Amino acid sequence: MAKESTGSPHLPPPPPLASSANPELAIQHVDQADIPKYSIVSRKGVGKLGRQIPLMTNHFRVSVGVPDAVFYQYTVSISYEDKRPVEGKGIGRKLIDKLYQTYSSEFTGKKFAYDGDKTLYTVGPLLFKKQEFTVVLEDSIAKGYGSKQCSEHGSPSSKNKRTKCSIGSKSFNIEISYAAKIPLKPIALALKGNEADIGGIQDAVRVLDIILRQQAANRGCLLVRQSFFHDDARNYTDVGQGVSGLRGFHSSFRTTQGGFSLNMDVSTTMVLTPGPVKDFLLVNQNVRELREIDWDKARRMLKNLRIKATHNNREFKIIGLSEMRCNQQLFSMKVRNGDGTNGDAENVEMTVYEYFTKHRSIPLTYSGFLPCLDVGKPKRPNFLPLELCSLISLQRYTKSLSSMQRASLVEKSRQKPQERIRTVTDAMRTYRYDEDPLLSECGISIEKKLTSVNGRILDTPKLKVGNSENCFPNNGRWNFNNKLLLKATSIKRWAVVNFSAQCDTSRLSRDLINCGRKKGIDIEGPKSLIDEYPQLRRSSPLARVESMFEQVRDKLPGPPEFILCLLPQRKNSDIYGPWKKKCLSDFGIVTQCISPPRVIKDQYLTNVLLKINSKLGGINSMLEVELTRSIPFITQTPTMILGMDVSHGSPGRSDVPSVAAVVGSLEWPYITKYRASVRTQSPKLEMIDALYKPTANNTDDGIMRELFIEFYKTSGAKPKQIVIFRDGVSESQFNQVLNIELPQIIKAYQHLGETDVPKFTVIIAQKNHHTKLFKAEGTDNVPPGTVVDTTVVHPRNYDFYMCAHNGAIGTSRPAHYHVLVDEIGFSPDVLQNLIHSLSYVYQRSTTAISIVAPVCYAHLAAAQMGQFMKFDDMSENSSEVMTSAGVAAVPELPRLHKNVEASMFFC
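Quick notes on the rules
Residues numbered from 1 in each chain as written. Predicted model: local features only at pLDDT ≥ 70, side-chain atom pairs only at ≥ 80, totals over all residues. Heavy atoms only, no water. 1 Å grid on protein atoms, 1.4 Å probe; cavity = no way out; pocket = protein on both sides within 12 Å on 5 of 7 lines; lining within 4 Å. Points joined across faces, edges and corners; volume = space filled by probe spheres on them. Helix = DSSP H or I, 4+ residues; strand = E, 2+ residues; numbered from the N terminus. Nonpolar A, V, L, I, M, F, W, Y, C, P; charged D, E, K, R; others polar. Core = buried A, V, L, I, M, F, W, Y, C linked by side-chain atoms within 4.5 Å. Buried < 20%, exposed > 50% of the residue type's maximum accessible area, 1.4 Å probe, protein only. Contact = heavy atoms within 4.5 Å. Pairing = 2+ DSSP bridges. Axes fitted to C-alpha atoms, helices over the stretch in contact; angles between N-to-C directions. Left-handed = near helix turned anticlockwise from the far one by under 90°. Expected span 1.5 Å × (residues − 1).

The name given to the chain in an unreviewed UniProt entry is Protein argonaute 16, and the organism recorded there is Linum tenue.

This is how it looks when you write it as structure tokens:
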């Protein structure tokens, strides 16, 4: 096993193990009545420490001139003439527009705010409580929503006889009925500090946001929640494979401590690059010739996409491809006799190619030997030649991006702070939100300049490295040049395995050994350098991993304590998941995967060694206040710090299990080392449901039990205080964290024999928000350690923004921390300094990170163990296992081997 190097300084030992009973044996029944109830706390003040800095933020002040205005909410029911409900998306706005045009006198000039679904709003009441209207849409507009199609308007159908018919129209019934009043008054009261009617505030803000969405919809924008995207060629960024990033804007109203504001930010969504279907398929599959296209893959990719036919300028939805080529695909068409005198007609079979080239006189240059697009219905196919079809614009791409696409998007879409300011302020002047009739009726006006805020720059935490040497980070960065790691391990039995990476493994191992010794890590020569057999390179990932482990067993005298694994590609290697599972779950061997660059520099090797040292139990650096045991509230009382996160499957995949991970601190009073516990749960479920998991024999198989026991073993005490950092939840889910997750943690704690309940501080850490901070003076990003807890924060709740990292590229996004519970009683300054410090204990790098390390570790643990099981393959190729209740069972992750379960394997 890895041992501490004699050249590294010894840390002070943790407190002696308490003489109380082993927590694993102290099990008792947990009574639900023993679980306290929690509610979200209010702000207890603001921080004072740090150097003042003037800032600006992308919030625009909003004034409400008519605070007594009242929105009237009406329910909208749309049906066909035969009373069947209309379920098609997109037609609602067309119908409401037509309704207003047709019956404007009925509404006495009142404007609508329509949400596109079942609700509309007016300022003040309509003249009726409930009324039904009939609206007629022309066939070209109503197409696809139940209108009769005339043989698909000039496209051949293989099941229907081609007959002559006229373009018609479609009637719809729209019922509007009164539902509720939503006054603006709660917003005005909230801005004065009275938030008694929280529901009323949310309702009023929701209506105002719907008005913004309607404005964007009227301009023909793509709407994605509170973001909108114009079809402007200047806003497209090609990221490869027929996918583009489309730049738009996020806009939402917010109640803040400084008043009502509009949060406006640049936003990006992924869309399919519009243009000829042929061009899309070539770039999507990265081929040069149409004959190289994989049509099975093309069929899956094209399904449900919308195209425009160039020969009739109509839009269709693709449902599939023809079974035969265009010049072989037959359909039946009724034609009259050649002399035209006989009224009888006969059925004639012809190919799609023949129909378009001869009967429609439309030349086809390359479609004859390609499949047709089927734009009909499942039982009424309707075929179009490929070259007559183009993808329409503003079609969202909801699948996950490849690593190359993601890198391209980041590279091309980043904006420097001043450029972002210009983009947002120009948009505010261009779109003139407050000129909207509904907003004007409420007396709402919006300033066109950024809001000024006061920020503070917290002092940078001091670090300790080897030989008790001080390390002073500069601008959020430090390095290990001429420095030793604080607690360096030694590596005696190890090996290098190479999965076809183009690398000199012998030289790499020598360089790694030399670099390690400079950092204090005593690394002996590897026991073996093992290359993959060339004939296995085309085998399945699992077979390649199995073969490699056979070589490891054959060539090593015993199990190694560490394996360095060389992969041929840096991201998304198929080898990664099976290899990690084999090492960590099956054999309990610490492993580090790398894809070495062509030129290996000392900094690269140092970064690799930081990860290796952490995984083997070492510590690279530590906060000075940890070693001096002077962290307020933490050092005095046994305190555990948790990081919690849930990773979901790829976008658009609702059948892939989510992965929940929790990391817990070890060796109190330190806050640098963590253990992870990971479980699968139902797809897209955000609340963690396995924190406490009682079994039939009265044991607990949940996440928290593992972490509590490990904390006790390494700290000699059970935690009396627990600080929770929860990532990935929105404001609407805050109460669920307190009502679902926190009670589970308490139950797990009490199940170990404790009757009391620890004091909790629960903090939500958010990165997915749209508030940005800018220097009022200067063009670069705000400095590391910048914190804002006034003006743009919540009027009542306890939240603040912190930018702990050095934003060297683009515009920095601060972390948004929400304190839900604070039984421990941190002062604002102490809590902000603790959170700032936790951005400097991340063992994988020598930079301050943008969000606290426990949250990052939880994310890493979930992502790495999620690779253990190929959920995507499993969901497509295997049958589901059902529970006794008839629900699809969630496959469980394999547990970590006992040799590595307490390690920082995720580093």
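Per the stated rule, a full pass over the model turns up four cavities of 30 Å³ or more. As a volume, the largest cavity reaches approximately 50 Å³. Around the largest cavity sit H59, R61, T256, G258, G259, F260, S261, T451, T791 and V792, which together line it. Sorting elements by how many residues they give to the lining of the largest cavity places strand β13 (residues 259-272) first, with three residues. Considered class by class, the residues forming the lining of the largest cavity number two nonpolar, seven polar and one charged.

Counting residues in each nonpolar core, the largest one holds 85 residues, and the members touching the most others are Y817, Y857 and F906. The element best represented in this core is helix α20 (residues 853-866), accounting for nine residues. Here F906 is in contact with V663, Y674, R675, A676, R844, Y857, L860, A861 and Q864, once residues within four sequence places are set aside. Counting 43 residues, the second-largest nonpolar core is a separate cluster that includes L272, I307, A309 and L321.

With that settled, consider the pairing of strand β12 (residues 243-256). Along a regular strand, successive side chains alternate from one face of the sheet to the other. Counting buried residues along β12, 12 of its 14 residues qualify, which places the element largely inside the surrounding structure. Examined bridge by bridge, strand β10 (residues 227-229) and β12 share two bridges and lie antiparallel to one another. For S227, the partnering residue across the bridge sits in β12 and is H250. The pairing of strand β11 (residues 236-240) with β12 spans four bridges and is classified as antiparallel. Following the sheet pairing, D238 is matched in β12 by S244. Between β11 and β12, which pair antiparallel in sequence order, lie two residues; one of them, Q241, sits at a positive phi of approximately 60°.

Let us now look at the packing of helix α6 (residues 277-284) against helix α7 (residues 295-302). Two numbers describe how α6 lies on α7: the axes approach to 11 Å, and their chain directions differ by 115°. Considering the relative orientation of α6 and α7, their crossing is right-handed. Of the residues in α7, those touching α6 at V277, F280, L281 and N284 are W295, A298, M301 and L302. Its residues placed into classes, the contact of α6 with α7 shows seven nonpolar, one polar and no charged.

Once that is clear, we can look at the sheet that holds strand β17 (residues 320-325). In space, the three strands of this open sheet follow the order β17-β20-β21, with antiparallel pairing throughout. Both outer strands of the open sheet, β17 and β21 (383-384), are each paired with one neighbouring strand and no more. Direction of pairing for strand β20 (residues 371-374) relative to β21: antiparallel, over a ladder of two bridges. Considered in β21, the bridge of D374 is made with F383.

Turning next to the sheet that holds strand β8 (residues 169-183). An order of β5-β6-β4-β8-β7 is seen for the five strands of this open sheet, with the pairing classed as antiparallel. Since the sheet does not close on itself, it has two edges, and those belong to β5 (113-114) and β7 (130-138), each with one partner. With 11 bridges connecting them, strand β4 (residues 70-80) and β8 associate as antiparallel partners. Among the inter-strand pairings, F71 is bridged to a residue of β8, identified as I182. In the packing of helix α1 (residues 91-102) onto the sheet, contacts are made with β4, β5, β6 (119-123), β7 and β8, and the angle to β7 comes to roughly 105°.

So, on to the pairing of strand β28 (residues 494-498). Here β28 lies mainly inside the structure; five of its five residues are buried. By the alternation rule, side chains of β28 split into W494, V496 and N498 and A495 and V497, which are all buried. Pairing geometry for β28 and strand β31 (residues 562-566), over five bridges, is parallel. The residue bridging V496 from the neighbouring strand is L564, located in β31. Two elements, β28 and strand β30 (residues 528-531), share four bridges in a ladder whose sense is parallel.

On to helix α15 (residues 602-615), then. Note on helix geometry: an α-helix contains 3.6 residues per turn, so any two residues three or four positions apart are oriented the same way. Between its first and last C-alpha atoms α15 spans 20 Å; for 14 residues at 1.5 Å apiece the expected length is 20 Å, and the two agree. When we look at burial in α15, the residues that qualify are L605, T606, V608, L609, L610, I612, N613, S614 and K615. Those residues of α15 that are buried lie in contact with β27 (489-491), α12 (505-518), β29 (522-523), β31, α14 (576-587) and β32 (590-594). With its phi angle positive at about 100°, G617 sits one or two positions after the end of α15.

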